[in-house]
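The primary structure of each chain is shown beneath.
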Amino acid sequence: MMRRMRSRSRTICLSLAFVAVFLYLLLALVSLPIHHQPCDPLLPPRTHVLRDLARASYTSVGLSGPTDATHGDSSNKGANKGAKGHVRALSDGLLSATEGKMNMPGGERHYGTDRAESVASGLSKLEALFDHPLYNMPSPPTPEEDWLLKVKPKIKASEKSSQMWVSASKEGYEDVQWNSSSTSHPPWLRFHLGISRWQLYPRRDPNMAPLTEQLATQRIVSAVQKSGGTQLKLVMSFPNYGQAMFKPMKQKRDEETNYNLYYFSDFERHNAEIAAFHLDRILGYRRIPPVVGRLVDVVEEIKRVTTDRKVARTFFTSPVGNVCFYGQCSYYCSTEHAVCGRPRKLEGSLAVMLPDLSLASRRSWRSPWRRSYSRSKLAKWESEPDYCSTVKKTPPYNKGTRLVDFIDLVILDFLMSNMDRHHYETFEKFGNNTFLLHLDNGRAFGRHSKDEPSILAPLEQCCRIRRTTWLRLRLLSLPQYRLSDVMRASLSHDPLHSVAPLLSEPHLAALDRRLKTVLETVSQCQERDDDVIFDDMASLKDTVTPVG
C-alpha cells in the first residue's frame, strides 16, 4: 500500500516538473520575436548641457494678439538677434569665470536631475523672454544732454597729455593710459559712460559680459570698509582702477529671517543683492548696477591688501581654525557676529560702483511710504487710506513719471519682500525727469513662507502703473515665460551657482505667488478706477496684447 502511494507521488511530481519546463520553453520562444526599444542614452555632464543651452538658438514664443506686420518685420528681427547675442555673451562670460580663475571648493555639481532639467528649461524661456517685442521696443537716439558723463572731445596733439588718464603708479595697479577712444577704456569705465537719463545700461549691452567677468575674476589690490551704513561692507579695488562694493555672506541660502526680528534688525544677505540685480533685469528696469557673486580668500584678498586699520585689527582665528573679522559698524560688527571664511574662503556679492559723487552727484529722496522704524508707532500712510491723494499733489510726484517710477520700485520690493526702502536716489544732473536708482537690496529675500502686503500699499492706494510694466508682469505670469523659471535660469549664470543655487526653490515659488498678487491688485484697481494704466508706449500699444 505504501509503495503504491509513493510511486503515485513520484509520477505526479515528475508530471508537474515536465509541465513547468514546457511552459518555460514556450514562453521563451514567444518572447524571442519581440523587439525591445534601447534604453535612453545617459545625459552628458550638467555643465556641458548648460553651456550648449546657453549657446543654442531658440524660437521666440510670442503671445497671441493683433500684430503689426510692418513693425514686426522691420524692427524685431534685428532686435531679436541682438537679444540672443546679449544673453549668450552674458552666459558665456560668467560660465568662463566659473570654470577659469575662481578656485571654488567642491567643483562637481551636486544638484539633482530635476533641478538640472528645470535650469535647462528655464534657459530657453529666458532667451525667449529677451527675444519678445516687449523687451525690444525701438527707442529714439539718446541726446547728448541725456548722457550722465561725457568724454572730452579730441584735441591737438600738443595738449594730448592733459586729456589722458595716467596711473599714479601705485603698487598693484596697472600702468595704464586711457584716451577718448572707448576701446582704451576698461569695462567699468564703459559702464559709467553708458549711463543715461532713463537707464544704467542698455538692453543689449556688449560690455556686460566683460564687466561681470572682471568682477568675478580680477585680482583684488585693496579692500577698505565703506563708511556709513549699519552693517559690514567693503570697497574693493582692482588693478585697472575699477571698484566694487563687497557684501559678505551672513546667512545660509535656505535660512529664513527670524520672525521675531523687526525689518530694521535683519541681516543683509549677499545672495539677495545678486538676485535683486537679476530680477531687476528680468523686469526690464535696468536700474540696479551689475552684481556678481565671488569666493574671496579672507587672508590674501582682504587682510593682506587692506590699509584700513579698523578692519585689520578685527581679524582673528576661530576655535575651529576659520579666519574671521568683523570691522566697525552700527549693527552686527562684533566677535559674536563675525564674518568667517571656511577656513579662508568667503562668499560675497560684488556690485560695480557708480561714478564718484564728485563726477556725478546724486540726490537722496525720502520715500513717501517710509516705515516708522519704530516697534510701536505707525507711519502716516498706514493709518490714512486716502494718503496717496496728498502725495499726488506733492512735487515731484504731481507730474512726469516719478509716481509710476516709484510704483516700479514698489513692485520690485514686493516680489523680493524687501521692507527696508526708506530712501531712494537719482542723479542730480537729470533733475526730476529721470529713473530711480534701485540700490541697497541686501534685506530682500529674507522670508519665502510669508508675503508682506504692506509693501504694496502705494500701488493699492494710488492705483497707477505704467503700461510696459503691467504688460511685462502679465508676460511673466504665463507658463512659457514663468518668472520663477527665468529667474532660476538667470541666476545659474552667476559664478556662485557652482557652489549652491543662489535662491532656494521656496523663494522662487514665492516670486510666482507674489506676481499673482500684484496682477490681482491691478485688476482690483481697474474695477474701481478708469485711469490706472499710465501709457508710456502709446505708439506701440496695439502691437502686442498679452493674454492670461
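Scroll up to find the structure.
Everything in this summary refers to the structure shown in the same document. In this text the structure is predicted, and so the values were computed from the model without any measurement.

### Topic: the sheet that holds strand 3 (residues 222-225)
Each strand in a sheet pairs with its neighbour through backbone hydrogen bonds, running either in the same direction (parallel) or in the opposite one (antiparallel).
Item 1. With respect to topology, 5 strands assemble into an open sheet ordered 3-4-5-10-6, the strand pairing being antiparallel. Two strands bound the open sheet, and with one partner strand each, they are strand 3 and strand 6 (291-297). Each adjacent strand pair in this sheet contributes to an overall mean axis angle of 35 degrees, direction not counted.
Item 2. In this structure, strand 6 lies alongside strand 10 (residues 345-352), joined through 7 bridges in antiparallel fashion.

### Focus: the environment of serine 367
Item 1. Locating serine 367 in the fold gives a position in the loop between strand 11 (362-366) and helix 10 (380-383).
Item 2. Serine 367 sits 58 residues away from glutamate 425 along the chain, and the two C-alpha atoms are 9.9 Å apart.
Item 3. Beyond its immediate sequence surroundings of up to four residues, serine 367 is in contact with Phe406, Arg421, His422 and His423.

### Considering the side chain of threonine 314
Item 1. Its location among the elements puts threonine 314 in the loop between helix 9 (309-312) and strand 7 (316-317).
Item 2. For threonine 314, the side chain forms a polar contact with the main-chain nitrogen of tyrosine 326, separated by 3.3 Å.
Item 3. Every residue in contact with threonine 314, bar those within four places of it in the chain, is listed here: Cys324, Phe325, Tyr326 and Gly327.

### Regarding the nonpolar core
Item 1. Judged by nonpolar contacts, the single largest core of 121 residues is most densely connected at Leu279, Phe325, Phe427, Phe445 and Met487.
Item 2. Per-element accounting of this core gives the leading share, 9 residues, to helix 12 (residues 402-415).
Item 3. With residues near it in sequence (within four places) discarded, phenylalanine 427 still touches Leu148, Ile195, Leu200, Leu354, Ala360, Ser361, Arg362, Thr434, Phe435 and Leu437.

### Concerning the packing of aromatic side chains
Item 1. Tallied over the full model, the rule gives 12 aromatic pairs.
Item 2. Taking 6.4 Å as the distance between ring centres and 55 degrees as the angle between the ring planes, the aromatic pair formed by tyrosine 201 and phenylalanine 277 counts as tilted. Taken as a pair, tyrosine 201 in the loop between helix 5 (187-193) and helix 6 (208-217) and phenylalanine 277 in helix 7 (residues 270-282) lie far apart in primary sequence, 76 residues in all. In this structure, tyrosine 201 and phenylalanine 277 share a single accessibility class: buried.
Item 3. Through a chain of ring-to-ring contacts, the aromatic side chains of Trp365, Trp369, Tyr387, Tyr397, Phe406 and Tyr424 assemble into a single cluster.
Item 4. Here the basic side chain of arginine 363 rests over the ring of tryptophan 365, its NZ or CZ set 3.7 Å away from the ring centre.

### Some points on the packing of helix 14 (residues 467-476) against helix 16 (residues 505-528)
When two helices pack together, their arrangement is captured by the angle between the axes and the distance separating the axes.
Item 1. Following both chains from N to C, one finds helix 14 and helix 16 inclined at 135 degrees, their axes separated by 10 Å at the closest point. In this view, helix 14 runs oblique relative to helix 16, as classed from their interaxial angle. Of the two possible hands of crossing, helix 14 and helix 16 adopt the one that is left-handed. Every residue of helix 16 that contacts helix 14 at Trp470, Leu473, Arg474 and Leu476 is listed here: Leu515, Val518, Leu519, Val522 and Gln526.

### Concerning the layout of surface pockets
Remark: the empty space left among the atoms is shown by a probe the size of a water molecule rolled over them.
Item 1. Within this model, the second largest pocket holds a volume of roughly 1200 Å³.
Item 2. Lining the second largest pocket we find 50 residues, and of these Ser139, Trp198, Gln199, Arg203 and Arg286 sit closest to its centre.
Item 3. Residue assignment for the lining of the second largest pocket shows that the elements contributing at least two residues are helix 5, helix 12 and helix 14.
Item 4. When its residues are assigned to classes, the lining of the second largest pocket shows 21 nonpolar, 15 polar and 14 charged.

### Here's the deal with the pairing of strand 5 (residues 243-248)
Item 1. Within strand 5, 5 of the 6 residues are buried, which leaves the element mostly enclosed by the surrounding structure.
Item 2. In terms of strand pairing, strand 4 (residues 234-237) meets strand 5 through 4 bridges, oriented antiparallel. Bridging across to strand 5, serine 237 finds its partner in glutamine 243.
Item 3. In this structure, the hairpin formed by strand 4 and strand 5 is closed by a connection of 5 residues, where tyrosine 241 is found at a positive phi of approximately 75 degrees.
Item 4. When strand 5 meets strand 10, the two strands line up antiparallel, connected through 5 bridges. When the sheet's bridge partners are listed, alanine 244 is paired in strand 10 with valine 352.

### Some words on unusual backbone geometry
Item 1. In this chain, arginine 342 is followed by proline 343 through a cis amide linkage whose omega measures -15 degrees.
Item 2. Relative to the assigned elements, proline 343 resides in the loop between strand 9 (339-340) and strand 10.
Item 3. In this structure, the amide linkage connecting proline 395 to the following residue, proline 396, adopts the cis form with an omega of 0 degrees.
Item 4. By the element assignment, proline 396 lies in the loop between helix 11 (387-391) and helix 12.
Item 5. At phenylalanine 445, a residue that is not glycine, the phi angle is positive and equals roughly 55 degrees.

### A closer look at the sheet that holds strand 7
Item 1. If you trace the 3 strands from one edge of the open sheet to the other, you get 7-8-9, paired in antiparallel fashion. The open sheet has two free edges, formed respectively by strand 7 and strand 9, since each of these has just one partner strand.
Item 2. Bridge analysis of strand 8 (residues 323-325) against strand 9 gives 2 bridges, and the strand direction is antiparallel. The residue bridging cysteine 324 from the neighbouring strand is cysteine 340, located in strand 9.

### Here's the deal with helix 15 (residues 483-491)
Item 1. Burial analysis of helix 15 places 9 of its 9 residues in the buried class, which makes it a mostly covered element.
Item 2. Leu483, Ser484, Asp485, Val486, Met487, Arg488, Ala489, Ser490 and Leu491 are the residues of helix 15 that are buried.

### Considerations on the state of the cysteines
Here a disulfide denotes one covalent bond, and it connects the sulfur atoms of two cysteines.
Item 1. Here the structure, examined in full by the defined rule, presents 4 disulfides.
Item 2. In this model cysteine 388 forms its disulfide with cysteine 462; the gap between the sulfur atoms is 1.8 Å. On the sign convention where negative means left-handed, the S-S torsion of about 110 degrees between cysteine 388 and cysteine 462 marks this disulfide as right-handed. Within this pair, whereas cysteine 388 is found in helix 11, its partner cysteine 462 is found in helix 13 (residues 457-462), the two being separated by 74 residues in sequence.
Item 3. Given a relative accessible area of 1%, cysteine 388 falls into the buried group.
Item 4. Residue classification places cysteine 462 among the buried positions, given a relative accessible area of 2%.

### Comments concerning the packing of helix 12 against helix 16
Item 1. Where helix 12 contacts helix 16, the two axes come as close as 9 Å, and the packing angle between them is 140 degrees. In contact with Ile411, Phe414 and Leu415 of helix 12, helix 16 contributes Leu511, Arg514, Leu515, Thr517 and Val518.
Item 2. Looking at side-chain class alone, the contact of helix 12 with helix 16 contains 6 nonpolar, 1 polar and 1 charged residues.

Conventions and cut-offs
Residues numbered from 1 in each chain as written. Predicted model: local features only at pLDDT ≥ 70, side-chain atom pairs only at ≥ 80, totals over all residues. Heavy atoms only, no water. Pairing = 2+ DSSP bridges. Helix = DSSP H or I, 4+ residues; strand = E, 2+ residues; numbered from the N terminus. Axes fitted to C-alpha atoms, helices over the stretch in contact; angles between N-to-C directions. Contact = heavy atoms within 4.5 Å. Polar contact = N/O pair within 3.5 Å; in protein donor to acceptor, adjacent residues only side chain to side chain. Core = buried A, V, L, I, M, F, W, Y, C linked by side-chain atoms within 4.5 Å. Buried < 20%, exposed > 50% of the residue type's maximum accessible area, 1.4 Å probe, protein only. Phe/Tyr/Trp six-rings, centres within 6.5 Å; stacked < 30°, edge-to-face > 60°. Lys NZ or Arg CZ within 6 Å of the ring centre and 35° of its normal. Parallel < 35°, antiparallel > 145°, perpendicular 65-115°, else oblique. Left-handed = near helix turned anticlockwise from the far one by under 90°. 1 Å grid on protein atoms, 1.4 Å probe; cavity = no way out; pocket = protein on both sides within 12 Å on 5 of 7 lines; lining within 4 Å. Points joined across faces, edges and corners; volume = space filled by probe spheres on them. Nonpolar A, V, L, I, M, F, W, Y, C, P; charged D, E, K, R; others polar. Disulfide = S-S within 2.5 Å.

What is shown is where atoms sit, not what they do.
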